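Listed below, chain by chain, are the residues.
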Amino acid sequence: MIYVFLANGFEEVEALTPVDVLRRAGCQVKTVGVGGLEVTGSHGVTVRADLEEKDVETDEIEMVVLPGGMPGTLNLEKSPIVRAAVEAAAEAGAWVAAICAAPSVLGHYGLLKGREATCFPGFEQELHGAVFTGAPVTVSGNIITGRGAGAAMAFALALAEALKGKEAAQAIGSAMCVPGM
């Protein structure tokens, strides 16, 4: 299962673009409402999540995705269930992905030590132990990080590539008229 965690104040583009692309790729994706099923993004878009936090099963995680946004990132980091899911995925060698401010959560959890990572400008110091790349998307082992909302499509396609392969990701990008595909 792929879990995309949504906390109040999440960045809508960074959350919903990966959900859309991964579902187009045929992946089983569930959005998870942190604090309830209805979650409102940083720009006032309210989303009804597929699951509540309590329904997350950490033994079946294929990927965990943390969108950025403020105060969404801070709300994600406060959740013990988000932490348990991220740590379970990391320990199992499953994919852990975060974009914008959310890579800071991975840094605070100690998951970026010795890895390359990217994030929204100003959060570099929160990537404890990581080598900052500044790239739109960075893949380092089983960790995928994205820079910000402008990189949401590239980030989503990197997630699809990690799960379904390069050809599948390119086909999705091409079908969606992504430049360079």
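Reference entry: report on the structure contained in this document. Since we're looking at a predicted model, the values are computed, not measured.

## Regarding the environment of P80
Note that P80 resides in helix α3 (residues 80–92). A relative accessible area of 64% places P80 in the exposed class.

## A word on the pairing of strand β11 (residues 143–146)
With burial as the criterion, each face of β11 is covered, one bearing I143 and T145 and the other bearing I144 and G146. Bridging between strand β7 (residues 95–99) and β11 involves four bridges; their strand directions are parallel. Considered in β11, the bridge of V96 is made with I143. Strand direction decides the pairing type here: strand β10 (residues 137–140) and β11, joined by four bridges, are antiparallel. Looking at β11, one finds that V139 is bridged to I144.

## Concerning the packing of helix α5 (residues 152–164) against helix α6 (residues 166–175)
Between α5 and α6, whose axes approach to 7 Å, the crossing angle comes to 145 degrees. At the point where α5 passes α6, the crossing takes the right-handed sense. Only K166, A168, A169, I172 and G173 of α6 make contact with α5, whose side of the interface consists of L157, A160, E161 and K164. Considered class by class, the residues forming the contact of α5 with α6 number five nonpolar, one polar and three charged.

## Quick word on the pattern of salt bridges
For the structure on display, the rule yields four salt bridges. Here D20 ties to R24 by a salt bridge, and the two come within 2.4 Å at their closest N and O atoms. Of this pair, D20 and R24 both sit in helix α1 (residues 12–24), four residues apart, which is roughly one turn of that helix.

## Topic: α3
Taking 1.5 Å of rise per residue, the 13 residues of α3 would be expected to cover 18 Å, and the 18 Å separating its terminal C-alpha atoms lies within 8% of that figure. Tucked inside the fold, the buried residues of α3 contact β1 (2–7), β2 (29–34), β6 (63–66), α2 (72–78), β7 and α4 (103–108). With a side-chain oxygen positioned 3.2 Å from the backbone nitrogen of I81, the residue opening α3 is S79. Positioned one or two residues after α3, G93 has a phi angle of 80 degrees, which is positive.

## What about the environment of G107?
Looking at the element boundaries, G107 is found in helix α4. Classification of G107 by relative accessible area gives buried; the value is 2%. As a C-alpha pair, G107 and A117 span 10 residues in sequence and 9.5 Å in three-dimensional space. Those residues within four positions of G107 in sequence are excluded, and the remaining contacts are L112, E126, L127 and H128.

## Some details on the sheet that holds β6
Strand order in the open sheet formed by seven strands is β5-β2-β1-β6-β7-β11-β10, and the pairing between neighbours is mixed. Either end of the sheet is taken by a strand with one partner, and the two such strands are β5 (51–52) and β10. Direction of pairing for β1 relative to β6: parallel, over a ladder of three bridges. Directly across from V4, in β6, lies its bridge partner V65.

Rules used in this analysis
Residues numbered from 1 in each chain as written. Predicted model: local features only at pLDDT ≥ 70, side-chain atom pairs only at ≥ 80, totals over all residues. Heavy atoms only, no water. Helix = DSSP H or I, 4+ residues; strand = E, 2+ residues; numbered from the N terminus. Buried < 20%, exposed > 50% of the residue type's maximum accessible area, 1.4 Å probe, protein only. Pairing = 2+ DSSP bridges. Axes fitted to C-alpha atoms, helices over the stretch in contact; angles between N-to-C directions. Left-handed = near helix turned anticlockwise from the far one by under 90°. Contact = heavy atoms within 4.5 Å. Nonpolar A, V, L, I, M, F, W, Y, C, P; charged D, E, K, R; others polar. Salt bridge = Lys/Arg side-chain N within 4 Å of Asp/Glu carboxyl O. Expected span 1.5 Å × (residues − 1). Polar contact = N/O pair within 3.5 Å; in protein donor to acceptor, adjacent residues only side chain to side chain.

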